[in-house]
Amino acid sequence: MRWPAGPSGRAETCYRYGPKLKAENEEIADLLMGLADARKTWGFGLCFLHLRNVKGHPWNHKRVYRIYCALELNLRIKPRKRLKREKPDALAVPDAPNMTWSMDFMADRLGDGRQFRLLNVLDDFNREGLGIEVDFSLPAERVIRSLDRIIEWRGKPGTIRVDNGPEYISGKLMEWAEKQGVTIQHIQPGQPQ
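Residues numbered from 1 in each chain as written. Predicted model: local features only at pLDDT ≥ 70, side-chain atom pairs only at ≥ 80, totals over all residues. Heavy atoms only, no water.

Chemist: Lay out the packing of aromatic side chains with the relevant residues and their values.
Modeler: What the rule picks out here adds up to four aromatic pairs. Ring centres of Phe44 and Phe48 lie 5.8 Å apart, and the angle between their planes is 25°; this geometry places the pair in the stacked category. Of the two residues, Phe44 and Phe48 are both situated in helix H3 (residues 44-54); the distance of four residues between them amounts to about one turn of the helix. Both residues of the pair, Phe44 and Phe48, belong to the buried class. Here the aromatic rings of Phe44 and Tyr65 are separated by 4.9 Å at their centres, their planes lie at 75°, and the arrangement is edge-to-face. In this pair, Phe44 is assigned in helix H3 and Tyr65 in helix H4 (residues 61-70), connecting sequence segments 21 residues apart. In this structure an aromatic cluster arises from ring pairing among Phe44, Phe48, Tyr65 and Tyr68. One Lys or Arg, Arg117, reaches over the ring of Phe105 and ends 4.2 Å from the middle of that ring. (Phe/Tyr/Trp six-rings, centres within 6.5 Å; stacked < 30°, edge-to-face > 60°. Helix = DSSP H or I, 4+ residues; strand = E, 2+ residues; numbered from the N terminus. Buried < 20%, exposed > 50% of the residue type's maximum accessible area, 1.4 Å probe, protein only. Lys NZ or Arg CZ within 6 Å of the ring centre and 35° of its normal.)

Below you can see the structure in the form of structure tokens.
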């Protein structure tokens, strides 16, 4: 069906069309302002869902969003300033080998999805890798057995630095360290190793 063309070749309805502004726009604006005051953390999505699902209004989301933007409720909230943290003190480097060791776990996943863990033991003086233990499970007994094996050929360290993992705060490891005369030093969270 063709519309009757006007003098410029366009349909006359194009010239005469005016958007039909309904009185509902004022109602939408009032409801949005009330929600914005009552629920300061809600964005457009939650406001629209509240109007649609809780209040039962059938308005289109595009219409509600247009009014939401016209009320300037869509302005970005300024992000909080981040706290500047001081750099932690650098760990002291030992004067000779075998004074301080560091121990930590790493984890990875095999192609079939099984996860395995690695226990790494390093000498802090020259960053020499003293031992790597790899298995699917490395409980405290296995950690102690690995340390005994390293001590057999390397000698006892004065201190072993560890993080606060569950393997390092077990009673068995503490008993072992006490028997061996080795100090277990727990580093603070967030401090570099």
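Next, the rest of the story.
Chemist: I'd like to hear about the sheet that holds strand S3 (residues 128-135), residue by residue, with values.
Modeler: Pairing is mixed in the open sheet, where five strands are placed in the order S3-S2-S1-S4-S5. Looking at which strands have only one partner, the edges of the open sheet turn out to be S3 and strand S5 (183-186). Averaged over neighbouring strand pairs, the angle between their axes works out to 25° when direction is ignored. Bridging between strand S2 (residues 115-123) and S3 involves seven bridges; their strand directions are antiparallel. (Pairing = 2+ DSSP bridges. Axes fitted to C-alpha atoms, helices over the stretch in contact; angles between N-to-C directions.)

Chemist: I'd love a proper account of the packing of H3 against H4, names of residues and values included.
Modeler: Close contact between H3 and H4 brings their axes to 11 Å; oriented N to C, the two are set at 125°. Relative to H4, the element H3 lies oblique. The chirality of how H3 crosses H4 is right-handed. Where H3 approaches H4, its residues Phe44, Phe48, Leu51 and Arg52 are matched on the opposing element by His61, Val64, Tyr65 and Tyr68. (Parallel < 35°, antiparallel > 145°, perpendicular 65-115°, else oblique. Left-handed = near helix turned anticlockwise from the far one by under 90°. Contact = heavy atoms within 4.5 Å.)

Chemist: Provide a residue-level description of the pattern of salt bridges, including the pertinent values.
Modeler: If you walk through the whole model with that rule in mind, you get 10 salt bridges. Among the salt bridges present, the one from Asp124 reaches Arg161, with a minimum N-O distance of 2.9 Å. Taken together, the positions of Asp124 in the loop between S2 and S3 and Arg161 in strand S4 (residues 159-162) put the pair 37 residues apart, joining distant regions of the chain. As far as burial versus exposure is concerned, Asp124 and Arg161 are alike and both buried. Residues Arg149 and Glu133 are paired through a salt bridge, measuring 3.7 Å at the closest nitrogen-oxygen approach. Here Arg149, found in helix H5 (residues 140-154), pairs with Glu133, found in strand S3; they are 16 residues apart in sequence, far enough to count as distant. (Salt bridge = Lys/Arg side-chain N within 4 Å of Asp/Glu carboxyl O.)

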